[in-house]
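Fold and geometry: a report
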Amino acid sequence: GTGLITLDPGYGNTGACTSAITFIDGEKGILRYRGIPIEQLAKNSTFVEVAWLLIFGRLPSQAELDDFRERLVRSAPLHEAFKHHFEGFLVDAPPMAILSAMVNTIACFPRRGAESESPEENFLENAAQLISKVRTIAAYSYRRSMGLPFIYPDFKLPYVANFLHMMFSTPYEQHIASREVVDALNLILLLHADHEQNCSTSTVRMVGSSQANIYASCAAAVGALWGPLHGGANMAVLDMLEAIHKGGISAAKAVEMAKDPNDDFRLMGFGHRVYKNFDPRARILKQAADKVLGQLGVNDPLLDVARQLEELALEDSYFVERKLYPNVDFYSGIIMRAIGIPTNMFTVIFAIGRMPGWIAQWKEQHDDSKARIARPRQIYTGPNETEYVPIDKRK
Ligand code: SDX
């Protein structure tokens, strides 16, 4: 085909790079972060602990986790000059465009003393800056889009509660998120934290293989994640469910439309390049959707539409033959909507969740002395050698 022969940045043209971070068995629907099954992490861990696990390869001690949390707290504020950058965007600028630009901009404000840090300390601080500030940038882009004043991070709040505070507090009243909402968002972020060589993570490795800095590499990944076939699917799922519900289209009709080769309608949130069985994250999120909406007393008709679509598709030969199952994006948006996240921020939430994975993958490649610049080749299908024709001799 005309695509890239290989996308294994830094490892020549072997077709796949090695990594010790995330294991996926697509046939069996298995996902493990550093060997730990995602189901156990979803049940017992937090997003911040999983971020440390992915980056450093093992679960942190209490002292290591406390130190990491402290770094995340301290790294939350943005340089005041960022406000000018935010003011430069139209209020309806896409949040993912703002996020990509602002993640890159962090590198324009070097930390005092960074030049005297050891390489390990420098990396750890950069990781904390990215994981912490991506949350502040996301919240500020939402506040800007709503014409609301920026809310500064609160150093007393843990990671997720602080994000919700920056999103929804006012200068007169602090937003105190409920335990259920904090737990639901922690789960969503944790489930999105890494996923092997997906499109955006391959982008991090591709850009990072030129020894571009970690901010530029992650900013490029935000752009890749934005696409509706990738991270943008969580927004597209809600648009699809809304269109079906409001358009009075039956789930059965929607499934037929998705099967019609002449109709570009797709069942967003279904299918996966690797999973040819249930995406284990979708299983977890489907249960969480029931639990969170029940806890919050939210009765969302779109959840019923999603369940009907899933039930019909899983019994339909078109989907069964192509091994199309719900993926991580199918239920995540329903939970985010229930906990008050605006739809246009869904993919931004995905980026916040995926940041530790991008950092871990960048580090793994950066630490490998054998890694080389990614330089995939293409199979040439253009014309043979051709003479130049002066313009007055052309037809
Ligand atoms: C993510 O890679 C990762 O790990 C990604 C991710 C991560 O954590 O980083 O898991 C996150 O991106 C999940 C995927 C989110 N995207 C969507 O939900 C968009 C809808 N899904 C599809 O566009 C598609 O399934 C992809 C993009 C996910 C996978 O695309 P592939 O592997 O290139 O599959 P394909 O397009 O070649 O489809 C194979 C067949 C085709 O039919 P035929 O040509 O054989 O007749 O399956 C059909 C497709 O038409 N098909 C679908 C479908 N997905 C595939 N038909 C209807 N609805 C769908 N959703």
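One structure accompanies this document, and this report is about it.

Scoring rules and cut-offs
- Residues numbered from 1 in each chain as written.
- Predicted model: local features only at pLDDT ≥ 70, side-chain atom pairs only at ≥ 80, totals over all residues.
- Heavy atoms only, no water.
- Helix = DSSP H or I, 4+ residues; strand = E, 2+ residues; numbered from the N terminus.
- Rg over C-alpha atoms; globule rule 2.2 N^0.38 Å.
- Contact = heavy atoms within 4.5 Å.
- Areas by Shrake-Rupley, 256 points an atom, 1.4 Å probe, with all protein chains shown as cover.
- Lys, Arg positive; Asp, Glu negative; His and termini not counted.
- Charge placed at Lys NZ, Arg CZ, Asp CG, Glu CD.
- Core = buried A, V, L, I, M, F, W, Y, C linked by side-chain atoms within 4.5 Å.
- Buried < 20%, exposed > 50% of the residue type's maximum accessible area, 1.4 Å probe, protein only.
- Pairing = 2+ DSSP bridges.

Bringing the overall build of the protein into the picture now. What the protein contains, in helices and strands, is 17 helices and three strands. Rg of the C-alpha trace for the protein: 22 Å, near the compact-globule value of 21 Å for 395 residues, within the 12% margin. If one aligns the C-alpha atoms of the protein with their principal axes, the spans along those axes are about 70 × 55 × 50 Å. Pairs at least 24 apart in sequence give 74% of the contacts found in the protein among residues at least 6 apart. Accessible surface, the protein as shown: approximately 19,100 Å² in total, 54% of it carbon and sulfur. Looking at charge distribution, the protein has the averaged site of its 41 positive side-chain charges lying 3 Å from that of its 45 negative ones.

Once that is clear, we can look at the nonpolar core. Soluble globular proteins tend to bury their nonpolar side chains together. Counting 119 residues, the largest nonpolar core has Ile131, Tyr159, Phe163, Met240, Leu309 and Ile359 as its most contacted members. Among the elements that take part in this core, helix 6 (residues 119-145) stands out by supplying 12 residues, more than any other. With sequence-adjacent residues up to four places away left out, Met240 is seen in contact with Phe265, Arg266, Leu267, Met268, Leu309 and Phe330.

The next thing to look at is unusual backbone geometry. At Arg34, a residue that is not glycine, the phi angle is positive and equals roughly 50°. By the element assignment, Arg34 lies in the loop between strand 2 (30-33) and strand 3 (36-37). Positioned with a positive phi, Glu196 is a non-glycine residue whose angle comes to about 60°. By the secondary structure assignment, Glu196 is in the loop between helix 8 (179-191) and helix 9 (199-208). Judged by its relative accessible area of 29%, Glu196 falls in the partly exposed class.

What follows deals with the pairing of strand 2. Only one face of strand 2 is covered, namely the one carrying Leu31 and Tyr33; the face carrying Ile30 and Arg32 has none of its residues buried. When strand 1 (residues 22-25) meets strand 2, the two strands line up antiparallel, connected through four bridges. Residue pairing for strand 2: Ile24 is matched across the bridge by Leu31. Between the antiparallel neighbours strand 1 and strand 2 lie four residues, among them Gly29 with a positive phi of about 65°. Here strand 2 pairs with strand 3 via two bridges, running antiparallel. When the sheet's bridge partners are listed, Tyr33 is paired in strand 3 with Ile36. Counting the residues in the hairpin turn of strand 2 and strand 3 gives two residues, including Arg34, whose phi is positive at 50°.

One can find Leu53 in helix 2 (residues 47-56). When its relative accessible area of 1% is taken as the criterion, Leu53 is described as buried. Residues Leu53 and Ile284, 231 residues apart in the sequence, show an inter-C-alpha distance of 20 Å.

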